[in-house]
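Each chain is listed here by its residues.
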Amino acid sequence: MKNITALLRRAAVFAAVLLALWAALTAAAAIPNERIYDNMYESAMYYKDKPPFPNESQMRLVQDNFADAILLNVTWNMGSGEPFSSALNTAYYDGNDGENDYGENWGLYCAVQGTAPPNTDYTRYWHGMAAVIRPLMLFTDVSGIKLIGTITAFVLLAVNTALLLKKRQYFAAGALVAAFLCIHVWNIGMSLEYQPAVLVTLALLPLYILFEKNDGALSIFAVISGVMIAFFDFLTCETLTILIPLIIVFIIRKQDGRLPDLRSNLLLSLKCGGAWGLSYVGTFLVKWSAVSLVTGENKFSAALASAEVRFVGEAEQLSPIEQFFLAPVANISTIFGGTGRVDWGAFAAGLIISAVVLGSIFYLFRCREKFDRSFTLIMLILGALPIARFFLLNNHSYLHEFFTYRALASTILALFAMLWYSLEFRPKKKHSAAKGGKKHGRA
């Protein structure tokens, strides 16, 4: 009976959060397009002549204008019909007039100008960012919105750091900041679509920090995380929203000497991971079901076909085996400044330098007495999950490594934790030359 009550409570949280977000999206769709036309026009002009994926010099500097143009196109078209249905039946104009394909950037311009109706179904995602973008378009254009999102991310990171410092979790605070700096968090300002995963993670992390002693509360927060990332994100680095909080919780418990055995740690991880995963998938199923009911068309087939490509689709004439193994290599080389899809030089140099630096620290300061098998194993498992995600969604992870690589923040955080709690920085005691501790001096 207790388990059923807990399950019903989490189902109620899932329904309440999703309904609240859905209501916010519908309310945003009710904003008249005329009210946001000026800033949307400025945004369309911003993207009009830009290439889809400009690359300054490194893959981590790729700006995803393609995704942003589609998001703004969908966001604009939400205001073209009845708010409830248009918030569900999402579509955009792709810039193809039947004779020439001018691209999504041109499509956005045509959509805002009212010269082309939407011609491309895009119902597989919620596009929840529109719930934020449309209200903000009342005051600013896309450049302002990207700046607001970036500043918000740094404010939230500061809030989480302050909470951890208040709890005397000095290592957790420093490692959290370092992990996000390692994935170049400031670069989320380059594109709208780079921001949701980081913002959702940092917005919900304070709840995990404040209630880290309550396993039941943690699984409820995992439900909220799963719903929110599915609603706002479009498959970028979604695992951040569950792995970063769990790793921080385990670090806090380890620091305070309250870390249970491996079995308990695994059970908590499975409970929270399962709650997150079911909520994540459930949010998509609700979207596809709702839009199918509204339109009278089966939207599951198109969504599942797209999902199949992400798992087994082939890219750039690679064999499935090559793509499978190159997907994590591409992401790791990106974090080390790779200049191509797969930069073997950056991959090898980054891993070697990291191994030398971290290995040297471990060799100089290791302390066998401090080795905690339970903590190390749970960090290894959680830290390896983003790599497993790269293997599993290898088509998506290979083609879009310029944003999926940010999932490695949780891997880096776990690695820092394993290293830190295997070290001893106290100087070794000097032994007295005289046995028995005799004091020398005047009699």
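Let me sum up the structure you'll find in this document. (Residues numbered from 1 in each chain as written. Predicted model: local features only at pLDDT ≥ 70, side-chain atom pairs only at ≥ 80, totals over all residues. Heavy atoms only, no water.)

This part takes up the overall build of the protein chain. Across its full length, the protein chain holds 19 helices and two strands. For 443 residues, the compact-globule estimate of 2.2 N^0.38 gives 22 Å, and the C-alpha radius of gyration of the protein chain, at 25 Å, lies within 12% of that figure. Looking at the protein chain as shown, the accessible area adds up to about 20700 Å², and 65% of this sits on carbon and sulfur atoms. Charged side chains of the protein chain number 37 positive and 32 negative; the gap between the two group centres comes to 24 Å. (Helix = DSSP H or I, 4+ residues; strand = E, 2+ residues; numbered from the N terminus. Rg over C-alpha atoms; globule rule 2.2 N^0.38 Å. Areas by Shrake-Rupley, 256 points an atom, 1.4 Å probe, with all protein chains shown as cover. Lys, Arg positive; Asp, Glu negative; His and termini not counted. Charge placed at Lys NZ, Arg CZ, Asp CG, Glu CD.)

Taken together, I353, V357, I361, Y363, L364, F365, W420 and F425 make up a surface patch of nonpolar side chains, about 800 Å² in accessible area. Per-element tally for the nonpolar patch: the top contributor is helix α15 (residues 344-365), with six residues. Here L364 lies in helix α15. Using a relative accessible area of 61% as the deciding quantity, one classes L364 as exposed. (Patch = residues over 30% accessible without salt bridge, like charges linked within 9 Å, V, L, I, M, F, W, Y side chains within 5 Å. Salt bridge = Lys/Arg side-chain N within 4 Å of Asp/Glu carboxyl O. Buried < 20%, exposed > 50% of the residue type's maximum accessible area, 1.4 Å probe, protein only.)

Disulfides are covalent bonds that connect the sulfur atoms of two cysteines. Scanning the entire structure with this criterion turns up zero disulfides. For C272, which is in no disulfide, the shortest distance to another cysteine sulfur is to C237 and amounts to 20 Å. (Disulfide = S-S within 2.5 Å.)

Moving on: the pattern of salt bridges. Under the counting rule described, the total for this entry stands at 10 salt bridges. Residue R253 pairs with E212 through a salt bridge whose shortest N-O separation is 3.5 Å. Of this pair, R253 sits in helix α11 (residues 240-255) while E212 is found in the loop between α9 (196-210) and α10 (215-232), placing the two residues 41 residues apart along the sequence. Note on accessibility: R253 and E212 belong to one class, buried. Put simply, R258 and D256 hold a salt bridge, and the shortest N to O gap is 3.1 Å. Taking the relative accessible area as the measure of exposure, R258 reaches 30% and is therefore partly exposed. Each member of the salt-bridge network shares a partner with another, and the members are E212, D215, R253, D256 and R258.

Turning our eyes to something else, we now look at the environment of A20. By the secondary structure assignment, A20 is in helix α1 (residues 2-29). Distance in space between the C-alpha atoms of A20 and Y208 is 21 Å, their sequence separation being 188 residues.

Let us look at the side chain of H127. By the secondary structure assignment, H127 is in the loop between β2 (120-121) and α6 (130-136). For H127, a relative accessible area of 7% gives the class buried. If we skip the residues at most four places from it in the chain, H127 touches L25, V74, M78, T90, Y122 and F231. (Contact = heavy atoms within 4.5 Å.)

The N-to-C vectors of α10 and helix α12 (residues 262-295) enclose an angle of 30°; their axes lie 7 Å apart at closest approach. Considered as vectors, α10 and α12 are oriented roughly parallel to each other. The handedness of the crossing between α10 and α12 comes out as right-handed. For the pair α10 and α12, the contacting residues are D215, L218, S219, A222, V223, S225, G226, V227, I229, A230 and F231 in the first and L268, K271, C272, A275, W276, S279, Y280, T283 and F284 in the second. Split by residue class, the contact of α10 with α12 holds 13 nonpolar, five polar and two charged. (Axes fitted to C-alpha atoms, helices over the stretch in contact; angles between N-to-C directions. Parallel < 35°, antiparallel > 145°, perpendicular 65-115°, else oblique. Left-handed = near helix turned anticlockwise from the far one by under 90°. Nonpolar A, V, L, I, M, F, W, Y, C, P; charged D, E, K, R; others polar.)

Moving on: the nonpolar core. Counting 107 residues, the largest nonpolar core has Y208, I248, I251 and M379 as the members making the most contacts within it. When residues in this core are grouped by element, the largest group, 13 residues, is from α10. When residues no more than four places from it in sequence are discounted, the contact partners of I248 are L164, A172, L176, L205, I209 and L413. Counting 19 residues, the second-largest nonpolar core is a separate cluster that includes I36, M40, Y109 and I133. (Core = buried A, V, L, I, M, F, W, Y, C linked by side-chain atoms within 4.5 Å.)

On to the environment of L259, then. As for its placement among the helices and strands, L259 is situated in the loop between α11 and α12. Note: C-alpha distance between L259 and D372 (113 residues apart in sequence) is 9.9 Å. Beyond its immediate sequence surroundings of up to four residues, L259 is in contact with F250, R253, K254, N265, D372 and F375.

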